[in-house]
Amino acid sequence: MKKQIEEFKSVTIFILATNETCSLKQTVSEIQNLSCVDDIEKLVIVLKNENCLSYDTAKQIASMYEFKKPKVEIYLQKTKNIEGCIAELPWLVKSSHFIMMGADMEMNPESVKDFISRAKQHPDRIICASKWHRESTVKGYGKFHEIATRAMNTFVSLLFGTKVADPFSIYQIYPISVYRRMKFENSLRPGYEYTLKPLRCGIEYEEIPTIYRKSKERKSNFNFFHLVVLALTFCATAIRLRLTPLNKLLK
């Protein structure tokens, strides 16, 4: 596959929020205070609808940064679930790269600086802030949850014949040119394929260390049943992609 390299120009950051308030403010504030802030095109707070507990906080933040760069915008997703949200956001991007992250401070905003630094050196590479990187710091992560996700990630690593520690994480800096070369628009599971499809197609992928702290502002949506369903679905998606010819995955 011929490599199409696009230089790093700027990054759009999508912050996914639902019921976060204090942590949402902290996430935006820490990003705005980074030394690489001039490389950020804009911050977009993504909400399901206007009834989200985060909505009023998001409006306050957007107003606060109305005349500052990068500007903060609010986006109400068109679909109801996270799968559909992940599918629609990249098509809003005008910058060369984009990042998706949560608003609960589990994904360390400081990693944005590392993302940009690495993307400037390797603009065609997907770079992930992996909580399972050997140099990462992880606090508050449940033991069962860790065992389940590590097993799932190890399975994918063996299946794809590549060393990946955290392919289910969406905390990545992603070249928009890479995303648009994949056939995502007709996908039934874009969230699960977000990293798996590029890995299957041989796109360069790198994991960097980060700091992960379990959020204290909200309860986890994952119980035993949800974890099992997630793991099985993710692994089934990996198997399907591994068996799919490359010409059916690329445009």
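Since the structure is predicted, the reported quantities are computational estimates derived from the model, not experimental observations.

The rules behind the values
Residues numbered from 1 in each chain as written. Predicted model: local features only at pLDDT ≥ 70, side-chain atom pairs only at ≥ 80, totals over all residues. Heavy atoms only, no water. Phe/Tyr/Trp six-rings, centres within 6.5 Å; stacked < 30°, edge-to-face > 60°. Helix = DSSP H or I, 4+ residues; strand = E, 2+ residues; numbered from the N terminus. Buried < 20%, exposed > 50% of the residue type's maximum accessible area, 1.4 Å probe, protein only. Pairing = 2+ DSSP bridges. Right-handed = clockwise from strand over helix to strand, strands pointing away. Axes fitted to C-alpha atoms, helices over the stretch in contact; angles between N-to-C directions. Contact = heavy atoms within 4.5 Å. Core = buried A, V, L, I, M, F, W, Y, C linked by side-chain atoms within 4.5 Å. Disulfide = S-S within 2.5 Å.

Colleague: A description of the packing of aromatic side chains should follow, citing residues and the corresponding values.
Modeller: Counted according to the given criterion, the structure contains 13 aromatic pairs. Ring centres of Phe98 and Tyr174 lie 5.2 Å apart, and the angle between their planes is 15°; this geometry places the pair in the stacked category. Of this pair, Phe98 sits in strand β4 (residues 97–102) while Tyr174 sits in strand β7 (residues 172–175); the two residues are 76 residues apart in sequence, bridging distant segments of the chain. Considered together, Phe98 and Tyr174 belong to a single accessibility category, that of buried residues. Ring centres of Tyr174 and Tyr179 lie 5.7 Å apart, and the angle between their planes is 70°; this geometry places the pair in the edge-to-face category.

Colleague: Describe the pairing of strand β2 (residues 40–47), naming the residues involved and giving the relevant values.
Modeller: Counting buried positions over the 8 residues of β2 gives 6, a clear majority of the element. Bridge count for strand β1 (residues 11–16) against β2 is 6 bridges, and the pairing is parallel. Across the sheet, residue Leu16 finds its bridge partner in β2, namely Val46. You can see the chain leave β1, run along helix α1 (residues 22–32) and come back into β2, and the turn it takes is right-handed. In this structure, β2 lies alongside strand β3 (residues 71–76), joined through 6 bridges in parallel fashion. In the sheet register, Val46 faces β3, and the bridge partner there is Tyr75.

Colleague: Got a sec to walk through the sheet that holds β1? Specific residues and values, please.
Modeller: The strand order across the open sheet formed by 7 strands is β3-β2-β1-β4-β7-β5-β8, and the pairing between neighbours is mixed. Whereas interior strands pair on both sides, the edge strands pair on one side only; in this sheet they are β3 and β8 (205–208). Put simply, the sheet's adjacent strands are angled 20° from each other on average, direction ignored. Of the strands in this sheet, β4, β5 (126–129), β7 and β8 touch helix α7 (residues 190–200), which is tilted by about 55° from β7.

Colleague: Any chance you could break down the nonpolar core for me, citing the residues and the numbers?
Modeller: In terms of nonpolar packing, the biggest core is built from 39 residues, with Phe14, Val46, Leu89, Phe98, Met100, Tyr174 and Tyr194 touching the most fellow members. Considering each element in turn, this core owes the most residues, 6 residues, to helix α8 (residues 224–243). Not counting residues up to four positions away in its chain, the partners in contact with Tyr194 are Ile86, Phe98, Met100, Ile170, Gln172, Tyr174, Tyr179 and Phe184. Core analysis: the second largest hydrophobic core is formed by 33 residues, Phe8, Leu24, Leu47 and Tyr55 among them.

Colleague: I'd love a proper account of the state of the cysteines, names of residues and values included.
Modeller: All chains considered together, the criterion is met by 0 disulfides. The closest cysteine sulfur to the non-disulfide-bonded Cys85 is located on Cys52, 10 Å from its own sulfur. Cys128 carries a free sulfur, and the closest cysteine sulfur to it, the one in Cys235, is 17 Å from it.

Colleague: An account of the pairing of β8 is needed here, citing residue identities and associated values.
Modeller: Burial along β8 is two-sided: the residues Tyr205 and Glu207 and Glu206 and Ile208 are all buried. One ladder, built from 4 bridges, connects β5 with β8; its direction is parallel. From the neighbouring strand, Ala129 faces β8, where its bridge partner is Ile208.

Colleague: Outline α7, listing residues and values.
Modeller: Counting buried positions over the 11 residues of α7 gives 11, a clear majority of the element. Taken together, the buried positions of α7 are Pro190, Gly191, Tyr192, Glu193, Tyr194, Thr195, Leu196, Lys197, Pro198, Leu199 and Arg200. One or two residues past the end of α7 sits Gly202, with phi positive at roughly 80°.

Colleague: Please set out unusual backbone geometry residue by residue, giving values where relevant.
Modeller: Each neighbour pair has its own omega, and for Lys69 with Pro70 the value is 0°, a cis peptide bond. By the element assignment, Pro70 lies in the loop between α2 (55–64) and β3. A positive phi angle is found at Met105, which is not glycine, with a value near 70°. Look at Met105 and you get buried, because its relative accessible area is 19%.

By themselves, these observations are geometric and do not establish any function.
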